[in-house]
Amino acid sequence: MLRGNNIKKVNSLLVRSFHSTVGNRSGGPSTPINYPSLEIENAGEKQKMNLFQAINNGMDIAMQKDSKAVVFGEDVGFGGVFRCTVGLRDKYGASRVFNTPLCEQGIAGFAIGLAAQGATPIAEIQFADYIFPAFDQIVNEAAKYRYRSGGQFDCGSLTIRSPYGAVGHGGHYHSQSPESYFGHTPGLKVVIPSTPIEAKGLLLASIREKDPVIFFEPKLMYRSAVEEVPIGDYEIPLGKARIVKEGKDITIIGWGAQMRVLLQAVNMAEEKLGISCELIDLRTIQPWDVETVVESVKKTGRVVISHEAPKTGGWAAEISATIQERCFLHLEAPIQRVCGYDTPFPLIFEKFYVPDHLKNFESIKKTMVY
Amino acid sequence: MLSNFLKVNSKALGHIRTFASKSGEIKHNFKKADTYLCDGPSDSTVTNKDELISFFTEMSRFRRLETVCDGLYKKKLIRGFCHLYTGQEAVCAGLESAITKDDHIITAYRDHTYMLSRGATPEEIFAELLMKETGCSKGKGGSMHMFTKNFYGGNGIVGAQCPLGAGIAFAQKYNKTGNVCLAMYGDGAANQGQLFEAFNMASLWKLPVIFICENNKYGMGTSQKRSTAGHDFYTRGHYVAGLKVDGMDVFAVKEAGKYAAEWCRAGNGPIILEMDTYRYVGHSMSDPGITYRTREEVNHVRQTRDPIENIRQIILDNKIATEDQLAAIEETVRDEMEKASEKAIAAPLPQARELFTNVYLQEVPVRGVEFVNSFKP
Ligand SMILES: Cc1ncc(C[n+]2csc(CCOP(=O)(O)OP(=O)(O)O)c2C)c(N)n1
Ligand SMILES: [Mg+2]
């Protein structure tokens, strides 16, 4: 079940997609989803970790190996709202792990300056919804530093981490998915992991990446997603999608917390419609893995793309446009986008708003019979 | 609303009136405000029976409102983010008594109490928290998103409300209404750059805005000592006058509020009031509130500075009312809040179409997941 084209050599570790563990295929809302773990070859010892622990472990390794790495943000000294930085201050001291005042624009600007001095800042913005006060610094300063100085300066060692997405009851300001705003900005890389193992590997790659990275973490999964995570150092390359499950009839694309929803929809479609779905986790939003997507669509001819953010101008639009440019004659049906509605993220209507497995199933069905 | 409040008040006052008839004016001293670029109000005031009972009743309502919210949250009837005001009641009560209902208030997410003081009913507050159709924002936003007449929210993005307050104040000046705007923020929010942008605009254009820093000592888990260089929030406007006020004494707040409102109405431009206050509860419902401060610290403030207990003491010392009479007021307040929460619980959820309304003025079709169609509200 090894996909040859998905094998990546990183730090002498082989990262491969391993999907023989896809379990119960009956789908349906009450069926617990058995999401396939990514196999990290030669990874050594493993430990049960949830998503926040894996992220914590990733930062721990980054700080241990890179004495210039510093972690800061609102309340991170105490472990942060989601416990991602817990224990780091005790281990690395208050000069490397510190609380900032409540000032997102300042945090971002400060981080950019620090990065320009060659340090490795890992800044936390408490919620992705609060990244907007820092939007100017990220879009105008971080993204353009290298370009506007003709390569004399950059903030490539900068990583900004932030929890994003629906959480059940977050309402307008604790639920948003702002990846498209940043994906739209040349000069930034945008990464969204979907499992603890992936989160750690992608975070380590993001921290060591020589371009500024915005790293959005699916906060819904901080505690709920648990895997046996290798405790050693490993990276998962940016810009490479993961084929979570191979299939031949339709390509389903998502990222972050949406991957579990999509796997559920895929299980349901395979059982109820007797079709075979290929499920792709984009992992990096920008630069996204066009080749893996195009290759898949040329094979299947049908596509559903899903994200929580509103439909208009969401990242699915970018992917759709690229697919029709590259795969026009292979398409058997219009590309479907299953997204949030074009409204602010609602409180009471969250269940209705989110692109759940049923909406995705419906969309798969329509695409199949088009 | 106000009539509602008076009903509660006078009902409880029934016995008290006769009881306290011999007492006239009562002098009350409080901690003199620290001043910056202004003289500030005096350190004493004259109050009377009606005002004392009114403050006692109003602050009891504020506290009871939050206690009921706490209970509804723990029963999982309120979902989402919820920030309680418990401990800070004197700030809201004192300020409201210093201005009129035609003046304007904008605050952050710790907003339930301001709704009540502005005249909203407890029922529409609970209903909003419970995401019901009868909520002040039709149940769309919940705890952080409350609005009513001359009250502009309920703002979840820390610091965002301060420049808005300057804008609201500009309209007062332009339209010569003679009204002022209170822009509330916290000690944590005091470090947001927007605030300083607002200070400058307000000063430049001499806007009738009172910036009010509710310094409850913590912004989430971060002590003001660790977040803020120089702890005098009332001098941080540099060219803006300021007062540091005992925010646990409703009379100190009221006098400072009156002074500030007069300052603004006289055309002097903005002024900052730093309210020295304290929140007893955690930052939000998920914060037990004792990981970054000690239980002793919280208890100490409760025991020595509680705004409601202070008023109770003045009332008892001056024989304005007996303990039983005060207990009767509290009983009435409990009853009012209980009934309101029951009504809110029984209210219907909003219609699904409300997901699509108020996005734009015109109810445009909203794109969603459908193959070709959009939703029409
Ligand atoms: C822009 C922004 N950043 C961060 C947050 C998260 N947050 C909500 S309240 C808060 C602390 C604010 O403290 P303070 O201003 O002192 O107000 P208090 O809660 O004490 O009333 C923080 C960090 C937010 N809501 N908005
Ligand atoms: Mg505070």
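None of these values were measured; they are calculated from a predicted model.

Conventions used here
- Residues numbered from 1 in each chain as written.
- Chains lettered and ligands numbered in written order.
- Predicted model: local features only at pLDDT ≥ 70, side-chain atom pairs only at ≥ 80, totals over all residues.
- Heavy atoms only, no water.
- Near = heavy atom within 4 Å.
- Polar contact = N/O pair within 3.5 Å; in protein donor to acceptor, adjacent residues only side chain to side chain.
- Areas by Shrake-Rupley, 256 points an atom, 1.4 Å probe, with all protein chains shown as cover.
- Contact = heavy atoms within 4.5 Å.
- Salt bridge = Lys/Arg side-chain N within 4 Å of Asp/Glu carboxyl O.
- Nonpolar A, V, L, I, M, F, W, Y, C, P; charged D, E, K, R; others polar.
- Helix = DSSP H or I, 4+ residues; strand = E, 2+ residues; numbered from the N terminus.
- Buried < 20%, exposed > 50% of the residue type's maximum accessible area, 1.4 Å probe, protein only.
- Pairing = 2+ DSSP bridges.
- Disulfide = S-S within 2.5 Å.
- 1 Å grid on protein atoms, 1.4 Å probe; cavity = no way out; pocket = protein on both sides within 12 Å on 5 of 7 lines; lining within 4 Å.
- Points joined across faces, edges and corners; volume = space filled by probe spheres on them.
- Domains from an automatic or database assignment.
- pLDDT = per-residue confidence, 0-100.
- UniProt positions renumbered as here; feature names shortened; annotations may be inferred.
- Axes fitted to C-alpha atoms, helices over the stretch in contact; angles between N-to-C directions.

Can you explain the site of ligand 1? Please cite residues and give values.
Taken together, 21 residues surround ligand 1, and among them Glu104(A), Tyr109(B), Arg110(B), Gly188(B) and Asn216(B) come closest. In this structure, ligand 1 sits where chains A and B come together, each supplying nearby residues. In this structure, a nitrogen atom belonging to ligand 1 sits 3.1 Å away from a main-chain N or O atom of Val158(B). Between His283(B) and ligand 1, the recorded distance is 3.4 Å, taken from a side-chain N or O atom to an oxygen atom. Notes on ligand 1: free accessible area 590 Å², of which the protein chains cover 95%.

Account for the interface of chain B and chain A, with residues named and values stated.
Counting residues at the interface gives 38 residues for chain B and 38 residues for chain A. There are zero salt bridges connecting chain B and chain A. Remark: the boundary between chain B and chain A carries five residue pairs in polar contact (both at pLDDT 80 or more). Here the residues of the side of chain B that touches chain A are counted per class, giving 17 nonpolar, 15 polar and six charged.

Just give me the short version of unusual backbone geometry, but keep the residues and values in it.
Between Gln286(A) and Pro287(A) the backbone carries a cis peptide bond, its omega angle lying at 0 degrees. With respect to the helices and strands, the residue Pro287(A) is situated in the loop between β15 (284–286) and α9 (290–300). With phi around 55 degrees, Lys319(B) is a residue other than glycine that occupies positive phi space. Locating Lys319(B) in the fold gives a position in the loop between α11 (307–317) and α12 (323–346).

Let's hear about the pairing of strand β8 (residues 159–164) of chain A: which residues, and what values?
Residues and elements named next belong to chain A. The buried fraction of β8 amounts to six of the six residues, a majority that puts the element mostly inside the structure. The side-chain alternation of β8 yields two buried faces, one formed by Thr-159, Arg-161 and Pro-163 and the other by Ile-160, Ser-162 and Tyr-164. Note: strand β7 (residues 120–124) against β8, three bridges, orientation parallel. Within β8, the position partnered with Ala-123 by the bridge is Ile-160.

Break down the pattern of salt bridges for me, citing the residues and quoting the values.
Residues and elements named next belong to chain A. Tallied over the full model, the rule gives 40 salt bridges over all chains. A salt bridge links Lys-91 to Asp-60; the nearest nitrogen and oxygen atoms lie 2.7 Å apart. Linking Lys-91 in helix α2 (residues 88–92) with Asp-60 in helix α1 (residues 51–65), this pair joins segments that are 31 residues apart in sequence. Given the relative accessible area of 12%, Asp-60 is considered buried.

Can you break down the state of the cysteines residue by residue, with the values?
Residue and element names in this part refer to chain B. The final tally for this structure, using the stated rule, is zero disulfides over all chains. Of all cysteine sulfurs in the structure, the one in Cys-264 sits closest to Cys-181, which takes part in no disulfide; the separation is 9.5 Å. Judged by relative accessible area, Cys-181 falls into the buried class, the value being 0%. For the unlinked cysteine Cys-213, the closest cysteine sulfur is that of Cys-162, found at 9.0 Å.

Give a detailed account of empty space enclosed by the protein, specifying residues and quantitative values.
Throughout the structure, instances matching the rule amount to four cavities of 30 Å³ or more. Of the volumes computed, that of the largest cavity is approximately 90 Å³. Surrounding the largest cavity, 17 residues form its lining, Gly170(A), Leu347(A), Phe81(B), Gly141(B) and Ser143(B) being those nearest its centre. In the lining of the largest cavity, the residues fall into six nonpolar, 10 polar and one charged. As a volume, the second largest cavity reaches approximately 40 Å³.

Please set out the layout of surface pockets residue by residue, giving values where relevant.
Residues and elements named next belong to chain A. Looking at the second largest pocket, its volume works out to about 860 Å³. Along the wall of the second largest pocket there are 38 residues; nearest its centre are His-172, Gln-176, Thr-343, Pro-344 and Phe-345. Those elements that provide at least two residues to the lining of the second largest pocket are α6 (179–183) and β16 (303–310). When residues of the lining of the second largest pocket are assigned to their parent elements, the largest contribution, three residues, is made by β16. Grouping the amino acids of the lining of the second largest pocket by side-chain chemistry returns 17 nonpolar, 17 polar and four charged. Both of domain 1 (46–230) and domain 2 (242–369) provide at least three residues apiece to the lining of the second largest pocket.

Got a sec to walk through the confidence of the model for chain B? Specific residues and values, please.
Atom-level detail of predicted coordinates should not be read off regions where pLDDT is low. All names here are of chain B. Confidence in the prediction for chain B averages 92 pLDDT; 92% of positions are at 70 or higher. When the criterion is pLDDT under 50, residues 1–21 qualifies, and its contacts beyond four places in sequence or with other chains add up to 38 contacts. On the interface metric, ipTM, the complex scores 0.91, and its pTM is 0.92.

Any chance you could break down α11(B) for me, citing the residues and the numbers?
Residue and element names in this part refer to chain B. Here α11 has its buried residues at Pro-307, Ile-308, Ile-311, Arg-312, Ile-314, Ile-315 and Leu-316. For α11, the elements touching its buried residues are β1 (26–29), α2 (49–74), α3 (89–98), α9 (250–265), α10 (295–305) and α12. With a side-chain oxygen positioned 3.1 Å from the backbone nitrogen of Ile-308, the residue opening α11 is Asp-306.

Quick rundown of the UniProt feature "binding site: thiamine diphosphate" in chain A? Include the residues and the values.
All names here are of chain A. Residues annotated in UniProt with the feature "binding site: thiamine diphosphate" correspond here to Tyr-130. Within the secondary structure layout, Tyr-130 lies in the loop between β7 and α4 (135–142). The class of Tyr-130 is buried, set by a relative accessible area of 11%.

Report on the sheet that holds strand β14 (residues 277–281) of chain A, specifying residues and quantitative values.
Residue and element names in this part refer to chain A. The sheet built from five strands is open, its strands ordered β12-β14-β13-β16-β17 with mixed pairing. At either end of the open sheet lies a strand with only one pairing partner, and these are β12 (242–245) and β17 (336–340). Taking the axes of each pair of neighbouring strands and ignoring which way they run, one obtains an average angle of 25 degrees across the sheet. Relative to β14, strand β13 (residues 250–254) runs parallel, the two being bridged by five bridges. Residue pairing across strands places Thr-251 opposite Glu-278, the latter belonging to β14.

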